[in-house]
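# Survey of secondary and tertiary structure
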Amino acid sequence: MVVKTIIMIALFFVPLLTLASGMVTEVWLLFLLYILSGLGMAGIGMDVMHDAIHGSYSKNKKINTLLSYTFNLIGANATVWKIQHNVLHHTFTNIEHADDDLNAPFFLRFSPHAKHYWVHQFQHIYIWFFYGISTISWITTKDFVRLKRYRDMGFLNEKNEYKKTLISMIAWKLFYYSYALVLPMVMLPFSWWIILLAFISMHFVTGLLVSIVFQIAHIMPANEFPLPDAEGHMNDNWYAHQFATTSNFSPNSKILFWLIGGLNYQVEHHVLPDVCHVHYKNLTKIVSETAQEYGMPYHVKKSFIHAIWDHTKMLRMLGKKEILSIDKAVLTNF
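Residues numbered from 1 in each chain as written. Predicted model: local features only at pLDDT ≥ 70, side-chain atom pairs only at ≥ 80, totals over all residues. Heavy atoms only, no water.

Attention shifts here to the pattern of salt bridges. A full pass over the atoms with the stated rule returns eight salt bridges. Close ionic contact of arginine 146 with aspartate 100 constitutes a salt bridge, the shortest N to O distance being 3.4 Å. You can see arginine 146 sitting in helix H6 (residues 134–152) and its partner aspartate 100 sitting in the loop between helix H4 (78–91) and helix H5 (123–132), a full 46 residues away along the chain. Looking at arginine 146, the relative accessible area reads 8%, which means it is buried. Between arginine 149 and aspartate 100 there is a salt bridge, and its shortest N-O distance comes to 2.7 Å. You can see arginine 149 sitting in helix H6 and its partner aspartate 100 sitting in the loop between H4 and H5, a full 49 residues away along the chain. Arginine 149 gets classed as partly exposed once you look at its relative accessible area, which sits at 30%. (Salt bridge = Lys/Arg side-chain N within 4 Å of Asp/Glu carboxyl O. Helix = DSSP H or I, 4+ residues; strand = E, 2+ residues; numbered from the N terminus. Buried < 20%, exposed > 50% of the residue type's maximum accessible area, 1.4 Å probe, protein only.)

What follows is the structure in structure tokens.
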């Protein structure tokens, strides 16, 4: 974890420091350095921040807290993510209106229970663009919108907690924009709009990678999208729910496992979220055998490409209004 952390942070900062030095004079090199930084940004998000905010990076809480700030350092906010991901997503996985990962603009439909619009029939085509710009939305407006919504939901209810978080968020974002965008604009001999495009390309790479990795774990044909009963209760226990709504992919790829922080073992992560991702591969046999013993599903796709393909099919199915009436067996084999 330490070696990986150093590599990912260096991959993010070294290209930006090179840009800030003012020595870059070629446009192609400008874009290349920003894109490399985008790969490092994705690495920080999936390999460092994710474990740190879950409290699984280290047994030392102070180290987890310190490394959770790497998320703030790349323009997002650790407090908002902890509520969105740790609390809402991990507790209410794939439950419409409760799992905040399913909440999307009207032109995207991630659940068969979400309202259908005619434009959804094309979402499997245009979704990749919106995955790409997702982190741009994240660092500009989404964090602020979610912070206010979470306060209204009853989170951040300690004295002045919302105000302090808001001020901290603004300060971190100003710091991020200063070193990642403004400083290169000052130091480099390019028009501002060229540097802005390169900056956006960095985020497009990050957004596309991160969105795909997280989405193919849950928005899949074999996964369930359960709803509570009339009294607001779920029928399954929490562990059964996680098995039913989560999917692994590419379990035999050591390279992918290292690069994306073990997130190809999403089932292990969801049933054991407080375990560091370096242990997921060694836990798969225990977890899969436990699922079989208790008659629970253990979803896995053999490759990354296969998972993306099935995710695309699921998006296409969700674009069809008739999906609610389709039998689950048909849905799975679509």
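There is more to say, and it comes next.
Next up on the list: the packing of aromatic side chains. Under the definition given, this model contains 27 aromatic pairs. Arranged with centres 6.5 Å apart and planes meeting at 70°, the rings of tryptophan 172 and phenylalanine 175 form a pair that is edge-to-face. Separated by three residues within a single helix, tryptophan 172 and phenylalanine 175 lie in helix H7 (residues 161–187), roughly one turn from each other. Relative to tyrosine 179, the ring of tyrosine 176 lies with its centre 5.6 Å away and its plane at 85°, an arrangement referred to as edge-to-face. Of this pair, tyrosine 176 and tyrosine 179 both sit in helix H7, separated by three residues, roughly a single helical turn. Tyrosine 179 carries the same exposure label as tyrosine 176, and that label is buried. (Phe/Tyr/Trp six-rings, centres within 6.5 Å; stacked < 30°, edge-to-face > 60°.)

Next up on the list: a nonpolar patch on the surface. Residues Trp28, Leu32, Ile35, Leu36, Leu39 and Leu209 make up a contiguous nonpolar surface patch of about 500 Å² in total accessible area. Considering every element that reaches the nonpolar patch, the biggest residue donor is helix H2 (residues 27–54), with five residues. Looking at the element boundaries, leucine 32 is found in helix H2. Exposure remark for leucine 32: the relative accessible area of 37% places this residue in the partly exposed category. (Patch = residues over 30% accessible without salt bridge, like charges linked within 9 Å, V, L, I, M, F, W, Y side chains within 5 Å. Areas by Shrake-Rupley, 256 points an atom, 1.4 Å probe, with all protein chains shown as cover.)

Where helix H1 (residues 2–20) meets H7, the closest approach of the two axes is 8 Å, and the angle between their N-to-C directions is 35°. Touching Phe12, Phe13, Leu16, Leu19 and Ala20 of H1 are Tyr176, Tyr179, Ala180, Leu183, Pro184 and Met187, all from H7. Split by residue class, the contact of H1 with H7 holds eleven nonpolar, no polar and no charged. (Axes fitted to C-alpha atoms, helices over the stretch in contact; angles between N-to-C directions. Contact = heavy atoms within 4.5 Å. Nonpolar A, V, L, I, M, F, W, Y, C, P; charged D, E, K, R; others polar.)

Of all the eight residues making up helix H9 (residues 238–245), six are buried; the element is thus mostly covered by neighbouring parts of the structure. When we look at burial in H9, the residues that qualify are Ala240, His241, Gln242, Phe243, Ala244 and Thr245. On its buried face, H9 sits against H4, helix H11 (266–271), helix H12 (280–293) and strand E2 (299–301). Its side-chain oxygen 3.0 Å from the backbone nitrogen of tyrosine 239, asparagine 237 forms the N-cap of H9. (Polar contact = N/O pair within 3.5 Å; in protein donor to acceptor, adjacent residues only side chain to side chain.)

What follows concerns the nonpolar core. Core analysis: the biggest nonpolar cluster contains 58 residues, and Phe12, Leu30, Tyr34 and Tyr176 have the highest contact counts within it. Taken together, the elements giving at least two residues each to this core come down to H1, H2, H4, H5, H6, H7, helix H8 (192–215) and helix H13 (304–318). When residues no more than four places from it in sequence are discounted, the contact partners of phenylalanine 12 are Ser37, Gly40, Met41, Ile44, Ile74, Tyr176 and Tyr179. (Core = buried A, V, L, I, M, F, W, Y, C linked by side-chain atoms within 4.5 Å.)

At a minimum axis distance of 9 Å, the contact between H4 and H6 shows a crossing angle of 65°. The handedness of the crossing between H4 and H6 comes out as left-handed. On H6, the residues that touch Val80, Trp81, Ile83, Gln84 and Leu88 of H4 are Trp138, Asp143, Arg146, Leu147 and Tyr150. Here the residues of the contact of H4 with H6 sort into seven nonpolar, one polar and two charged. (Left-handed = near helix turned anticlockwise from the far one by under 90°.)

In this fold, histidine 269 is placed in helix H11. Note on histidine 269: relative accessible area 2%, which makes it buried. There is a polar contact of 2.8 Å between the side chain of histidine 269 and the side chain of tyrosine 280.

The values reported here are purely geometric and, on their own, carry no functional implication.
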